[in-house]
Amino acid sequence: MSLQYQNILIERKENVGIIYLNRPRVLNALNRNTVDEIMNAMKDFNNDENVRVIIITSNGDNFSAGADIKEMSQLSSIDAEEKSPLANWDIAINSVKKPVIAAIKGYTLGGGLELALSCDIIIASEDAKLGQPEINIGLMPGGGGTQRLTRLLGKHKAMELILTGKMIDAKEAEKLGIVNKVVSKEKLLDEAIELAKEIAKKAPLAVKYVKEAILFTLESNLQEGLRYERKLFYLLLGSEDGKEGMRAFIEKREPKYKGK
Ligand code: HXC
């Protein structure tokens, strides 16, 4: 574990970079400094050729109870817009080219849930409690909750969750399609690492373009999305790794990828 940050820890396990939120005393509330540190760690992992997949999880029993209300209560609207990185965090995560897996547990609320929703895959422990409780303190989601939950769940369910601020448990979140998988708390990190390692074995360019194509569909119509996917497919087809993958299949051996 690296101690270069105050509010997060980072670790590398083979080709997997792991970020742990580390303010357990305040349920990993996301203050400005923590968000800056997450962004910096993401950027470092994104630029590190040896890191193929990133996991974001936490120390302690909870993923995150959301934005730091004590800090946020001191901000004017203009300060928040101009100085606070909170509203921009998901743009920063979206610009990470590698898959990001969120491994969530305990309270995963408000900005904490929005952080998880901006990741590419979510694994939850059985005790995870998810919600957008901002309405209970006179606010609303500001880190993508109204947009991402509506795309995931449709209008009616998103309205219910965000307007009531109620929490749902991990099983319900799985049923609704918010989380990919529910596992026991003890196995949470191991499962996330296992999945990350499985993805890390694939051709890096193919992984990058799959992420790019899937994210593109959320911002475009079907025709544009299909055209974009086809272009990325042709690029991969001509790449060294694409050729190597197909050759390995024909020669009945494991492929050796170079990320080219
Ligand atoms: C700052 C927080 C916090 C938060 C908990 N704490 N959540 N501090 N910001 N979001 C602190 C508490 O003040 C307390 O510190 C300690 O963590 C333990 O919390 P308790 O409330 O004592 O724990 P418990 O009774 O178990 O209740 C857990 C809880 C509750 C239900 C999760 O803490 C809660 O409702 N928290 C707020 C959740 C929330 O509204 N999140 C949305 C935030 S707005 P002390 O020092 O008092 O012991 C948001 C907007 C995002 O996220 C916008 C993005 C741009």
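For clarity, every value in this text was computed on a predicted model and none was experimentally measured.

Criteria and thresholds
Residues numbered from 1 in each chain as written. Predicted model: local features only at pLDDT ≥ 70, side-chain atom pairs only at ≥ 80, totals over all residues. Heavy atoms only, no water. Near = heavy atom within 4 Å. Polar contact = N/O pair within 3.5 Å; in protein donor to acceptor, adjacent residues only side chain to side chain. Areas by Shrake-Rupley, 256 points an atom, 1.4 Å probe, with all protein chains shown as cover. Helix = DSSP H or I, 4+ residues; strand = E, 2+ residues; numbered from the N terminus. Pairing = 2+ DSSP bridges. Contact = heavy atoms within 4.5 Å.

In the vicinity of the ligand, 22 residues are found, and the nearest of them are Arg25, Ala65, Ala67, Ile69 and Gly111. Within the contact set of the ligand, a nitrogen atom lies 2.9 Å away from a backbone nitrogen or oxygen of isoleucine 69. Contact between the ligand and glycine 111: an oxygen atom at 2.8 Å from a main-chain N or O atom of the residue. Expressed as a share of its isolated accessible area of 1000 Å², the protein-covered part of the ligand is 67%. Mapped onto the shell around the ligand, the elements with two or more residues apiece are helix H2 (69-72), strand E5 (107-109) and helix H5 (111-117). Among the elements that line the shell around the ligand, the one with the most residues is H2, at three residues.

The strand order across the open sheet formed by three strands is E5-E7-E8, and the pairing between neighbours is mixed. Among the strands making up the open sheet, the edge pair consists of E5 and strand E8 (168-169). Inspection of the sheet shows strand E7 (residues 129-131) paired to E8 by two bridges, in the antiparallel sense. By the bridge assignment, lysine 129 is partnered in E8 with aspartate 169.

Let's shift gears to the environment of glutamine 6. Structurally, the position occupied by glutamine 6 is in the segment before strand E1 (8-13). With 28 residues separating them along the chain, glutamine 6 and threonine 34 place their C-alpha atoms 7.8 Å apart. Here glutamine 6 is in contact with Asn33 and Glu37, once residues within four sequence places are set aside. Here the side chain of glutamine 6 touches asparagine 33 through a polar contact of 2.7 Å, side chain to side chain.

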